[in-house]
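# Working through the structure, step by step
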Amino acid sequence: MKAVCDRNDCTGCGLCASLCPQRCIDMRAVDKLGHLYPVIDASRCTDCGRCRKVCPSLSEAALTAPSAAYAAWAEDRDEYESSASGGAAAVMARHILRKGGVVYGCAMLPGVEVRHIRIDREEDLPLLKGSKYVQSSIAEVLPLIGADVKGGFPVLFTGTPCQVAAVKNMFARLPDNLYLVDLICHGVPSIGLLRRHVDRIMPCRDCKSVIFRSGNDFCLKIIPASEGYRTPAYSSHLSTDRYKDFYLNAFMDGYTYRDSCYRCRFARPERIGDITIGDFWGLGKERSADDIPPHGCGCSLILPVSAKGAQLLEEIKPGLNIYRRTVSEAVEGNGQLKAAVHKGPRKVFYRVLARHTGGGWPYFLATADLRLRIKFKRRRQV
């Protein structure tokens, strides 16, 4: 077998590599953009077809419209202020841990390593907090999820919709003790791209963490691993330094996503998980939000989808400030609940340059392009 699926459709979930009985599939970066794709060792492949059978990109996805929409944020002030997007994910995770369950989520680890990890203690929950504008690897945890589900523990998995689809494809029948939470995802740059960007500022091995959100502020902060070092070695905020950071600008404008992100079949109101969460952008645009008190550090959008998801939401409501809204308001305020990011000619041109040249100057092109568009937009408004 030469390929598992069309490269333009591959989401890089790694399920094929994880379940291959011959262990003949490796996930590798095959171009300058650094996205991982399955590479098959033909000398060991027996053409059993297991990889194609489980591949989410080759199977029908069972999508369901959410039953309601809620604006919410964590009741506990420390939980709220230490989380991104209102802290709904943290409240959900803490609830599962207190029931004796396990939680799987994305962690930013020292050395600029971004991958899903398994936690079974509340003390480890801070590892999963915060936004990560980069693709996380789930291949390492897929076998652990299967074992935990078989062990009867309540298991919570939070990831992008394509990652949730991969976890679902592990099972012939979805287990009752597995809770799947999909994020409203706008697209993912590669971890290789982020590492190269950090390396221009400081060696990745000396980096403790990269921070992408500070309350409602989009930023990129690089925290050194040096003991006692409390201030970032590098800091750029989108609101005040719109043109400063190449990585952040390219991400926000959608230049550096996977090819599959531009044709994402999960970018729609119908969802793949039990619950969908994200930022509640556009809150109050459809109808008044006067009944919602000021909150300051972001607001979660929660869309219960399955009956199991609705039940989980009922269980965590005591830990939330929560207000019912309409699904149409949630969809209207969030473009990624309508359609995938458009891959226009500027993005195509940038990606061709990046694939064949590498280095920093394609980033500069993306930022210069953004600067010119904003400048001309302001000129038209005068």
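I will try to describe carefully the structure that is included in this document. (Residues numbered from 1 in each chain as written. Predicted model: local features only at pLDDT ≥ 70, side-chain atom pairs only at ≥ 80, totals over all residues. Heavy atoms only, no water.)

### With respect to the pattern of salt bridges
Inclusion rule: Put simply, a salt bridge is a Lys or Arg side-chain nitrogen that is within 4 Å of an Asp or Glu carboxyl oxygen. Working definition: helices are DSSP H or I runs of at least four residues, strands are E runs of at least two. Numbering for both runs from the N terminus. Buried means the residue's accessible area, taken with a 1.4 Å probe over protein chains only, is under 20% of the maximum for its type, while exposed means over 50%, and partly exposed covers the values in between.
Applying the stated criterion across every chain, the model contains 23 salt bridges. As a salt-bridge pair, Arg 77 and Glu 81 come within 2.8 Å of each other at their nearest N and O atoms. Placement of the pair is Arg 77 and Glu 81 together in helix H3 (residues 77-81), with a separation of four residues, close to one helical turn. We classify Glu 81 as partly exposed; its relative accessible area is 46%.

### Some remarks on the pairing of strand E1 (residues 25-29)
Quick reminder of the rule: Note on pairing: two strands pair once DSSP finds at least 2 bridges between them.
Judged from the five bridges that link them, E1 and strand E2 (residues 36-40) form a sheet pairing that is antiparallel. Opposite Asp 26, over in E2, you have Val 39 as the bridge partner. In this antiparallel pair of consecutive strands, E1 and E2, the connection spans six residues, and Gly 34 shows a positive phi of 85°.

### Digging into the sheet that holds strand E5 (residues 113-119)
To keep things clear, this is the line we draw: What counts as an axis is a line fitted to C-alpha atoms, over the stretch in contact for a helix, and the angles between N-to-C directions run from 0 to 180 degrees. In this description, contact between two residues means that some pair of their heavy atoms is separated by no more than 4.5 Å.
The strand order across the open sheet built from eight strands is E5-E4-E6-E7-E11-E12-E3-E13, with neighbouring strands paired in mixed fashion. Taken across any chain shown, the strands that pair with only one partner, and hence form the sheet edges, are E5 and strand E13 (320-325). Taken pair by pair, the neighbouring strands of this sheet meet at an average axis angle of 25°, ignoring direction. Helix-sheet contacts for helix H4 (residues 88-98) involve strand E3 (69-74), strand E4 (102-109), E5, strand E6 (155-159), strand E7 (178-183), strand E11 (275-279), strand E12 (300-304) and E13, and the interaxial angle to E4 is about 135°. Each of E5, E6 and E7 is contacted by helix H6 (residues 161-168), which is oriented at about 155° to E7, the strand it contacts most.

### What to know about the packing of H4 against helix H9 (residues 307-316)
For any two helices packed against each other, the geometry is given by the interaxial angle and the distance between the axes. Worth spelling out the cut-off: Each angle gets one of four labels, with under 35 degrees taken as roughly parallel, over 145 as roughly antiparallel, 65 to 115 as roughly perpendicular, and the rest as oblique. Classes in brief: Ala, Val, Leu, Ile, Met, Phe, Trp, Tyr, Cys and Pro nonpolar; Asp, Glu, Lys and Arg charged; the others, Gly included, polar.
With their axes 10 Å apart at the nearest point, H4 and H9 run at an angle of 90° to one another. Between H4 and H9, the angle falls in the class roughly perpendicular. Contacts from Val 91, Met 92, His 95 and Ile 96 of H4 reach H9 at Leu 312, Glu 315 and Ile 316. Along the lines of polarity and charge, the residues of the contact of H4 with H9 split into five nonpolar, one polar and one charged.

### Re the pairing of E7
As a general feature of sheets, a regular strand has side chains that alternate between the two faces. Here is the rule: By the criterion used throughout, a crossover qualifies as right-handed when its path from the first strand across the helix to the second strand runs clockwise, the strands pointing away from the viewer.
Judged by how many residues are buried, E7 sits mostly within the fold: five of six residues are covered. As paired strands, E6 and E7 are joined by five bridges and run parallel to one another. Residue Leu 156 lies in a different strand from E7, and its bridge partner there is Tyr 179. Taken together, E6, H6 and E7 constitute a β-α-β crossover, and its handedness is right-handed. Pairing of E7 with E11, which is carried by three bridges, proceeds in the parallel orientation. Paired with Val 181 across the two strands is Ile 275, which belongs to E11.

### With respect to the environment of Pro 232
Within the secondary structure, Pro 232 is located in the loop between strand E9 (217-224) and strand E10 (234-237). The exposure class assigned to Pro 232 is partly exposed, which follows from its relative accessible area of 32%. Along the primary structure Pro 232 and Ala 339 are separated by 107 residues, whereas in three dimensions their C-alpha atoms are 36 Å apart. What Pro 232 contacts, discounting residues up to four positions off in sequence, is Lys 221, Ile 222, Ile 223 and Pro 224.

### Considering the sheet that holds strand E8 (residues 207-214)
Here three strands make up an open sheet; going across it, the order is E8-E9-E10 and the pairing antiparallel. What marks the edges here is a single partner per strand, and that holds for E8 and E10. The mean angle between the axes of side-by-side strands here comes to 5°, regardless of whether they run parallel or antiparallel. Of the pairings in the sheet, the one linking E8 to E9 comprises six bridges and is antiparallel in character. Along E9, the bridge assignment pairs Ile 211 with Lys 221.

### A few points about H6
H6 sits mainly inside the fold: eight of its eight residues count as buried. Where the residues of H6 are buried, they touch helix H1 (15-19), E5, helix H5 (142-150), E6 and E7.

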